[in-house]
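# Summary of the model geometry
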Amino acid sequence: GAGVSQSPRYKVAKRGQDVALRCDPISGHVSLFWYQQALGQGPEFLTYFQNEAQLDKSGLPSDRFFAERPEGSVSTLKIQRTQQEDSAVYLCASSLVHTGGLHFGNGTRLTVT
Amino acid sequence: GENVEQHPSTLSVQEGDSAVIKCTYSDSASNYFPWYKQELGKRPQLIIDIRSNVGEKKDQRIAVTLNKTAKHFSLHITETQPEDSAVYFCAAMSNAGNMLTFGGGTRLMVKP
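Parameters at a glance
- Every chain's residues receive numbers from 1 upward, in the order its sequence appears when written.
- Both sets of labels track the order of writing: A upward for chains, 1 upward for ligands.
- Totals for whole chains, interfaces and linings use all residues, but because this is a predicted model, local features are given only for residues with pLDDT of at least 70 and pairs of side-chain atoms are given and counted only at 80 or more.
- Note: side-chain values were computed over all heavy atoms of the structure, leaving out hydrogens and water.
- Residue contacts follow a heavy-atom distance rule, with two residues in contact if any of their heavy atoms lie within 4.5 Å.
- Accessible-area loss on putting two parts together, using a 1.4 Å probe and summing over both, is the definition of buried area adopted here.
- Whenever Lys or Arg places a side-chain nitrogen within 4 Å of a carboxyl oxygen from Asp or Glu, that contact is recorded as a salt bridge.
- Each polar contact in these results corresponds to two N or O atoms within 3.5 Å; when the atoms are within protein, one needs to be able to donate a hydrogen and the other to accept it, and residues that are neighboring in sequence are counted only if both atoms are side-chain atoms.
- Where helices and strands are cited, they refer to DSSP runs of H or I of at least four residues and of E of at least two residues respectively, numbered from the N terminus.
- Here the nonpolar group is Ala, Val, Leu, Ile, Met, Phe, Trp, Tyr, Cys and Pro; Asp, Glu, Lys and Arg are the charged ones; every other residue, Gly included, is treated as polar.
- The pairing criterion for strands is at least two bridges between them, as found by DSSP.
- Here an angle of 0 to 180 degrees is reported between the N-to-C directions of two axes, which are lines fitted to C-alpha atoms, with helices fitted over the stretch in contact.
- The rule is short: rings of Phe, Tyr and Trp, with Trp giving its six-membered ring, pair when the centres are within 6.5 Å, and they are stacked under 30 degrees, edge-to-face over 60, tilted in between.
- Per-residue accessibility, obtained with a 1.4 Å probe over protein chains only, is compared with the maximum for each type, and a residue is labelled buried under 20%, exposed over 50%, and partly exposed between these values.

## What about the interface of chain B and chain A?
- Taken together, the contact pairs 19 residues of chain B with 22 residues of chain A.
- Here chain B packs against chain A, burying approximately 1600 Å² in sum over the two surfaces, 51% of which is carbon and sulfur.
- For the interface between chain B and chain A, the tally reads zero salt bridges.
- Between chain B and chain A we count six residue pairs in polar contact (both at pLDDT 80 or more) in total.
- Where the side of chain B that touches chain A is concerned, the elements lending two or more residues are strand 4 (30–38), strand 5 (45–51), strand 9 (86–94) and strand 10 (100–102) of chain B.
- Sorting elements by how many residues they give to the side of chain B that touches chain A places strand 4 of chain B first, with three residues.
- In the side of chain B that touches chain A, the residues fall into ten nonpolar, seven polar and two charged.

## Quick look at the sheet that holds strand 1 (residues 4–7) of chain B
Residue and element names in this part refer to chain B.
- Taken in spatial order, the five strands make up an open sheet running 1-3-8-7-6, and their pairing is antiparallel. Each edge of the sheet is formed by a strand with only one pairing partner; in this case those strands are strand 1 and strand 6 (56–59). For this sheet, the mean angle separating the axes of adjacent strands, direction not counted, is 15°.

## A few points about the sheet that holds strand 8 (residues 75–79) of chain A
Residue and element names in this part refer to chain A.
- The sheet built from four strands is open, its strands ordered 1-3-8-7 with antiparallel pairing. The open sheet has two free edges, formed respectively by strand 1 (5–7) and strand 7 (65–68), since each of these has just one partner strand. For this sheet the average axis-to-axis angle between neighbouring strands, irrespective of direction, equals 15°.
- Where strand 1 meets strand 3 (residues 19–24), three bridges bridge the pair, whose relative direction is antiparallel. Paired with S5 across the two strands is D24, which belongs to strand 3.

## Thoughts on the packing of aromatic side chains
- One pass over the structure, following the stated rule, counts 14 aromatic pairs over all chains.
- Ring plane angle 65° and centroid distance 6.0 Å describe the contact between A:F104 and B:F102, whose orientation is recorded as edge-to-face. Linking A:F104 in strand 10 (residues 103–104) with B:F102 in strand 10, this pair reaches from one chain into another. B:F102 carries the same exposure label as A:F104, and that label is buried.

## Considering the pattern of salt bridges
Residues and elements named next belong to chain B.
- Applying the stated criterion across every chain yields a total of six salt bridges over all chains.
- Between E39 and K37 there is a salt bridge, with the nearest N and O atoms lying 4.0 Å from each other.
- Given a relative accessible area of 33%, E39 falls into the partly exposed group.
- Given a relative accessible area of 16%, K37 falls into the buried group.
- For R61, the salt bridge identified is with D84, shortest N-O distance 2.9 Å.

## What about the environment of A:Y35?
- Assignment of secondary structure puts A:Y35 in strand 4 (residues 31–37).
- Its relative accessible area of 0% is what places A:Y35 among the buried residues.
- Taking the C-alpha atoms as reference, A:Y35 lies 9.7 Å from A:F104; in sequence the two are 69 residues apart.
- Not counting chain neighbours up to four residues away, the residues in contact with A:Y35 comprise A:P43, A:E44, A:F45, A:L46, A:V89, A:Y90, A:L91, A:L102, A:F104, B:M99, B:L100 and B:F102.
- A distance of 2.6 Å separates a polar atom in the side chain of A:Y35 from the backbone oxygen of B:L100.

## Topic: the pairing of strand 4 of chain B
Residues and elements named next belong to chain B.
- With nine of its nine residues buried, strand 4 lies for the most part within the structure.
- Bridge analysis of strand 4 against strand 9 gives six bridges, and the strand direction is antiparallel. Looking across to strand 9, one finds that K37 is bridged to Y88.
- Here strand 4 pairs with strand 5 via six bridges, running antiparallel.

Encoded structure:
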């Protein structure tokens, strides 16, 4: 069956530009997570949704980062006024129940020049 | 919050040997411990997981052990093969289920 789908696969942005990253979770998965993975490091938690409710956004590094999941399915991570330190792979993951195993997408590799 | 430490950061073994990766966690409320394998440029893939109500779980050449008292868990891969070469991440999830905290990763290299 279809897994977690993320788009775009690669994104190059000039410093100061806004970007929007999309995540299509596995159908029926209640929980959705966004992670940031810098080169050579483990994924770092950004935010968590249960259906359309954003229950935890403690990992968002600044107020330039915003995530939404308005209908409890597709989610968008928006980064405003991108900075070079935002360059990373942004991973989306979903799970059927909130304590279940996470299924990751292939990620969006963001490069800010 | 939860803190997960993983060792070693790199591990090189000969094909056919065993590999062991160890992790410690700080939050005693954590009760779910998955392991992910990530090949270069690809998504992390769940390979095995364990919950806090069991001490060991095995799936073919892969096993995971959990010591709740000491707050550490380990991944064991037996009869390693070149295709096992990848970065492996351990993780811990709290009872609230709202955050999976990852270790820093172990780069495993299996030499043919």
